[in-house]
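Structure at a glance
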Amino acid sequence: MSVPFTLGALPTLSRSTVDRQEGLRTNPSRLMSRWADARVVLLDDQGRTPVVEGSAVLAFRKAVDFGTAPPSDAVFLGEWQDVDYWSLPGGPSGEADTVQMAGSWGFVEEVPRAGGEVWVELRGYGDLLDDTSAGLFTTAQALRFWRRQAKFCTRCGNPTELIQFGWASKCTGCGREEYPRTDPAVICLVHSLEGTNGSHVLLARQPIWPAGRYSVLAGFVEAGESLEACVVREIREEVGAAVSDVRYLGSQPWPFPRSIMLGFTARADRSLPLIPADGEIEEALWVSRAEVRQAFENSSSRSGARPTPIADGKAEIILPGNSSIARVMLKAWADAEE
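From a predicted model like this one, the values you see are computed outputs, not experimental measurements. (Residues numbered from 1 in each chain as written. Predicted model: local features only at pLDDT ≥ 70, side-chain atom pairs only at ≥ 80, totals over all residues. Heavy atoms only, no water.)

You can read the domains of the protein chain as domain 1 (22–149) and domain 2 (183–335). Measuring from the centre of the C-alpha atoms in domain 1 to the corresponding centre in domain 2 gives 31 Å. The partner domain 2 presents 21 residues to the 18 residues of domain 1 that form the contact. For the pairing of domain 1 and domain 2, the buried interface totals around 1700 Å² over both sides, and the portion due to carbon and sulfur atoms is 64%. Connecting domain 1 to domain 2 are zero salt bridges. (Domains from an automatic or database assignment. Contact = heavy atoms within 4.5 Å. Buried area = accessible area lost by both parts, 1.4 Å probe. Salt bridge = Lys/Arg side-chain N within 4 Å of Asp/Glu carboxyl O.)

Set out below in C-alpha cells:
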C-alpha cells in the first residue's frame, strides 16, 4: 500500500551549518576581538560571490584585509567551527575573463572568472555549494536585498543606518528600528485525484520564461490569509482549478528579494478544463509521472537543458532548476509509488 509522498531531500537553499549567534549582534566587544581571524563573503553589485573554481566552497577573504575592525557596511553572518563569518560588498580584483557554466534551469551562462575563482549567483549555482557555503551565501543575499529596500524610514522618510551588525536598521530622524522582513509565498504541487499520489501533476509556465520551462504553481500570501487558504486561492486564480487535501511538505528561503517558499501538495480533478490567468500563465497542462521521470533523466547533468517531449510530442518541458524547492517537490512525487 502506498503512502503520501514526502520531500526526499532538503531543498538546496535550506542547507546550513552556521550558528547565527543572535546574541553576538549586540556584543561588539566579542565580535571585535575575533575580527582578525574572521572570514568574509563578498557580494558584487549583481549579488554574485566568488567560488574556488572546480570546488563546492566559497572563496572567503580574510577580514583583516578590510581593516582592523568591521567596516560600517559589514554584516555578521554567524559562527562555524570557532570562526566568525561576515559579508561585505566587493568584486573581482584585477582582470576578469569569462567561463561558461550551466546554471539556472540548465541553461549555459557566462560567469566572471579571475585568479582561480568564478563569480556565481545564488539562484543558478547555490545547489553546487556545500552546506556551509550555501547557508552563508543565502543569508548574505537575503540581508543584502533587505538593506537595499530599507534605506529610508517608512514612518518619517529619513535615511536609516545599520545597527546590530547588519541585522537591524535605525532611523536617523525618529529613531524607529526595523528588522529584516521575509515575505511568505506558497508553492504547491497539484496532482490528480486518482490513487494516493495521483498519476499526473499540474505544471504551468509564465509568459516571460524561456521556451519549455515549466514548474509548479506559486503565489504570495495576502494580508489576513492562512497558508492553506492561499494555496486554494492561488491555484483557482492562476489555472481555474479547485483543489482539496492541502498538505504541507517543507520550506526553503528564496531571497529574491526576500521570500520564503512554503511547499504544499494538493489534489484536483484533471478531467475538468484548466483556465490559465490572462497575462500571468501562458499555459498549464497535466503531465504524467512517466513523463516527469523521463524529464529528470534528461536533466541529470549540468551540461545544458535538454527538453523532454510530452503529450505525444505536442509540447516539451524543462524542469525547475536545482536550487528550487519546486524541483525537490517534483522529484519526491516522481519517485513515489502508486
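Next, the rest of the story.
It is worth spelling out the environment of Thr 154 at this point. Position of Thr 154 relative to the elements: it lies in the loop between helix H3 (131–148) and strand S9 (160–163). Taking relative accessible area as the criterion, Thr 154 reaches 62% and is therefore assigned exposed. Residues Thr 154 and Arg 176, spaced 22 residues apart in sequence, show a C-alpha to C-alpha distance of 8.9 Å. Sequence-distant contacts of Thr 154, that is, excluding residues within four places in its chain, are made with Arg 176 and Glu 178. (Helix = DSSP H or I, 4+ residues; strand = E, 2+ residues; numbered from the N terminus. Buried < 20%, exposed > 50% of the residue type's maximum accessible area, 1.4 Å probe, protein only.)

With that settled, the discussion passes to unusual backbone geometry. A cis amide bond links Phe 256 to the next residue, Pro 257, at an omega of 10°. One can find Pro 257 in the loop between strand S15 (244–254) and strand S16 (259–268). With phi around 50°, Gln 21 is a residue other than glycine that occupies positive phi space. With respect to the helices, strands and loops of the structure, Gln 21 is situated in the segment before helix H1 (28–33).

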